[in-house]
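An overview of the molecular structure
Listed below, chain by chain, are the residues.
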Amino acid sequence: MSRIAVYPGSFDPLTRGHLDIIQRAAKLFEHVIVAVSNNASKKNSFSVSERIEMVEESIRGLPNVDCDTIGGLLVDYLRKKKARVLIRGLRVVSDMDYEFQLASFNRRLSKDVETVFLMPDDQYTYLSASMVREVARLGAGTDQFVPSFVARRLKLKFGGSRD
Ligand code: ADP
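**A word on the nonpolar core**
Counting residues in hydrophobic clusters, the biggest one holds 22 residues, and the most contacted among them are Phe11, Ile22, Val55, Ile59, Val65 and Ile87. Only strand 1 (4-9), helix 1 (16-28), strand 2 (31-37), helix 2 (48-58), strand 3 (65-70) and strand 4 (85-89) provide two or more residues apiece to this core. Ranked by residues supplied to this core, first place goes to helix 1 with five residues. If near-sequence neighbours (up to four positions away) are discounted, Ile22 is found in contact with Tyr7, Leu14, Val34, Ile59, Leu62 and Val65. Listed in part, the 12 residues of the second largest apolar core include Phe46, Met54, Val146 and Val150.

Written out as structure tokens, the structure is:
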């Protein structure tokens, strides 16, 4: 039985909410791969290599977690890695529509894949990468929302902080 789980996403950038999900998954599975999507049709603020660097810096203390990039179909990537579990984070009910659609789509593409939803700590329920980018753009510090390495990268990308 496969003990490998893949956590795919844009991670534009990785937030403390994403990291909370990664830490939970790392306790449940032998090996977790954080798969940063390289989807040309989605306009991201950070490049794939920037997003990967931020993930890698943030997972340093987690020996069973790796980071990779993913370009094609998720189910093909899972097959290649001999993984059967897809991790997704569920924050609020509004996430469910999209997440259920994605999970059922992936199940149609491969019967072997199971999507496992994990819930973050309450403090991260209303945290999203898009809000973090907006806050950074408006010139505020983002340390409470993202790991400190990511906060520094946001400051470099979007300019100075007010604090
Ligand atoms: P995508 O573009 O694939 O939705 P994201 O980086 O936005 O990529 O999110 C990846 C996964 O992490 C999704 O399942 C999303 O619901 C989840 N997620 C995002 N923010 C949080 C958070 N604050 N707490 C828990 N899960 C989250």
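Still to come is the rest of the account.
**Some details on the packing of aromatic side chains**
For the structure on display, the rule yields three aromatic pairs. Geometrically, the ring pair formed by Phe46 and Phe158 is edge-to-face, given 6.4 Å between the ring centres and 85° between the ring planes. Of the two residues, Phe46 sits in the loop between strand 2 and helix 2 while Phe158 sits in helix 6 (residues 148-158), which places them 112 residues apart along the sequence. Ring geometry for Phe100 against Phe117: centres 5.7 Å apart, planes inclined by 20°, an arrangement best described as stacked. With Phe100 in helix 4 (residues 93-109) and Phe117 in strand 5 (residues 114-118), this residue pair connects regions lying 17 residues apart in the sequence. Residue classification places Phe117 among the partly exposed positions, given a relative accessible area of 29%.

**A look at the site of the ligand**
Not every one of the 17 residues close to the ligand is listed here, only the nearest: Tyr7, Ser10, Lys42, Gly89 and Leu127. Within the side chain of Ser10, an N or O atom sits 2.6 Å from an oxygen atom of the ligand. At 3.0 Å from an oxygen atom of the ligand is found a main-chain nitrogen or oxygen belonging to Phe11. Sorting the residues of the shell around the ligand by element identifies strand 1, helix 1, strand 4 and helix 4 as the ones contributing at least two each. Looking at the shell around the ligand residue by residue, the class counts come to seven nonpolar, five polar and five charged.

**Quick word on the sheet that holds strand 4**
On the basis of which strands lie adjacent, the open sheet formed by five strands has the order 3-2-1-4-5 and parallel pairing. Sheet topology places strand 3 and strand 5 at the edges, where each strand pairs with a single neighbour. Averaged over all pairs of adjacent strands, the angle between strand axes in this sheet comes to 30°, irrespective of strand direction. Inspection of the sheet shows strand 4 paired to strand 5 by five bridges, in the parallel sense.

**Thoughts on the pattern of salt bridges**
Applying the stated criterion to the full structure yields 11 salt bridges. Two residues, Glu50 and Lys157, come together in a salt bridge whose shortest N-O distance is 3.3 Å. Separated by 107 residues along the polypeptide, Glu50 in helix 2 and Lys157 in helix 6 bring together distant segments of the chain. Judged by relative accessible area, Glu50 falls into the partly exposed class, the value being 28%. In this structure, Glu114 engages Arg107 in a salt bridge whose closest nitrogen and oxygen atoms are separated by 3.1 Å.

**As for the environment of Val92**
On the secondary structure map, Val92 appears in the loop between strand 4 and helix 4. Expressed as a C-alpha distance, the spacing of Val92 and Met119, which sit 27 residues apart in the sequence, is 9.1 Å. If we ignore the near neighbours within four places in the chain, the residues touching Val92 are Thr125 and Tyr126.

Cut-off values and rules
- Sequence positions are assigned chain by chain, starting from 1 and proceeding in written order.
- For this predicted model, a pLDDT threshold of at least 70 governs which residues receive local features, and a threshold of 80 or more governs which side-chain atom pairs are given and counted, while totals over whole chains, interfaces and linings are taken from all residues.
- No hydrogens and no water enter the side-chain calculation; it runs on all heavy atoms of the structure.
- Nonpolar cores were defined as sets of buried Ala, Val, Leu, Ile, Met, Phe, Trp, Tyr and Cys residues, with membership established by side-chain atoms within 4.5 Å.
- Note on classification: 1.4 Å probe, protein chains only; a residue is buried when its accessible area is under 20% of the maximum for its type, exposed when over 50%, partly exposed between these limits.
- Secondary structure elements follow DSSP: runs of H or I no shorter than four residues count as helices, runs of E no shorter than two count as strands, and numbering proceeds from the N terminus.
- Two residues form a contact once any of their heavy atoms are found within 4.5 Å.
- Any Phe, Tyr or Trp ring, taking Trp's six-membered ring, that has another such ring centre within 6.5 Å forms a pair; planes under 30 degrees apart are called stacked, those over 60 apart edge-to-face, and the others tilted.
- Any residue with a non-hydrogen atom lying within 4 Å of a molecule or strand is treated as near it.
- Whenever two N or O atoms come within 3.5 Å, that pair is a polar contact, provided that in protein one can donate a hydrogen and the other can accept it, and provided that, for residues adjacent in sequence, both atoms are side-chain atoms.
- Each residue receives one of three labels: charged for Asp, Glu, Lys and Arg, nonpolar for Ala, Val, Leu, Ile, Met, Phe, Trp, Tyr, Cys and Pro, and polar for the others, Gly being one of them.
- In short, DSSP must find at least two bridges between two strands for them to pair.
- Axes here mean lines fitted to C-alpha atoms, for a helix over just the part in contact, with angles spanning 0 to 180 degrees between N-to-C directions.
- Salt bridges are identified by distance alone: a Lys or Arg side-chain nitrogen within 4 Å of an Asp or Glu carboxyl oxygen.

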